[in-house]
Amino acid sequence: MKKMVSKDEIITILPEFVTLLNKTDPHSEFTNFLTDSLNTIKSSNGVAFTGQLQYFLITPLL
């Protein structure tokens with residue numbers, strides 16, 4: 001069974017992802033969404049964290 005990734009790992013990786021996207025496509029709607037989502041995810045805990053992470057992962061696909 002695979003281990004769930006910790007909040008700390010996600011909070012460490014996401015800013016790097018956003019920084020890379022800002023280098024390739026600054027000020028895009030998607031990059032702005034990621035930046036806003038990252039701030040929300042960082043401030044969430046427990047079930048709220050999981051919900052915000054799911055929203056972050058699914059919304060760009062809609």
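Residues numbered from 1 in each chain as written. Predicted model: local features only at pLDDT ≥ 70, side-chain atom pairs only at ≥ 80, totals over all residues. Heavy atoms only, no water.

1. Side note on the overall build of the chain
Stage number 1. Along the backbone of the chain there are three helices and zero strands.
Stage number 2. Reading the helices (α) and strands (β) of the chain from amino to carboxyl end gives α-α-α.
Stage number 3. With the C-alpha coordinates of the chain rotated into their principal frame, the extents come out at 35 × 25 × 20 Å.
Stage number 4. Counting across all 62 residues of the chain, residues that qualify as buried make up 24%.
Stage number 5. Split by element, the accessible area of the chain, about 4,800 Å² in all, is 62% carbon and sulfur.
Stage number 6. Averaging the coordinates of the 5 positive side-chain charges in the chain and doing the same for the 6 negative ones gives two points 9 Å apart. (Helix = DSSP H or I, 4+ residues; strand = E, 2+ residues; numbered from the N terminus. Buried < 20%, exposed > 50% of the residue type's maximum accessible area, 1.4 Å probe, protein only. Areas by Shrake-Rupley, 256 points an atom, 1.4 Å probe, with all protein chains shown as cover. Lys, Arg positive; Asp, Glu negative; His and termini not counted. Charge placed at Lys NZ, Arg CZ, Asp CG, Glu CD.)

2. Concerning the packing of helix H1 (residues 7-24) against helix H3 (residues 46-58)
Stage number 1. With their axes 12 Å apart at the nearest point, H1 and H3 run at an angle of 35 degrees to one another. Remark: the crossing between H1 and H3 carries left-handed chirality. Packed against H1, whose contacting residues are Lys 7, Ile 10, Ile 11 and Leu 14, the element H3 presents Phe 49, Leu 53 and Phe 56 at the interface.
Stage number 2. A per-class count over the contact of H1 with H3 returns six nonpolar, no polar and one charged. (Axes fitted to C-alpha atoms, helices over the stretch in contact; angles between N-to-C directions. Left-handed = near helix turned anticlockwise from the far one by under 90°. Contact = heavy atoms within 4.5 Å. Nonpolar A, V, L, I, M, F, W, Y, C, P; charged D, E, K, R; others polar.)

3. Things to note about the side chain of Thr 31
Stage number 1. Structurally, Thr 31 can be placed in helix H2 (residues 29-42).
Stage number 2. Within polar-contact distance, the side chain of Thr 31 engages the backbone oxygen of Asp 25 at 3.1 Å.
Stage number 3. Those residues within four positions of Thr 31 in sequence are excluded, and the remaining contacts are Leu 21, Asn 22 and Asp 25. (Polar contact = N/O pair within 3.5 Å; in protein donor to acceptor, adjacent residues only side chain to side chain.)

4. Details of the packing of H2 against H3
Stage number 1. Running from N to C, H2 and H3 point in directions that differ by 170 degrees, and their axes come no closer than 9 Å. Relative to H3, the element H2 is oriented roughly antiparallel. Listed contacts from H3 to Phe 33, Leu 34, Ser 37, Thr 40 and Ile 41 of H2 are Phe 49, Gln 52, Leu 53, Tyr 55 and Phe 56.
Stage number 2. Residue composition of the contact of H2 with H3, by class: seven nonpolar, three polar and no charged. (Parallel < 35°, antiparallel > 145°, perpendicular 65-115°, else oblique.)

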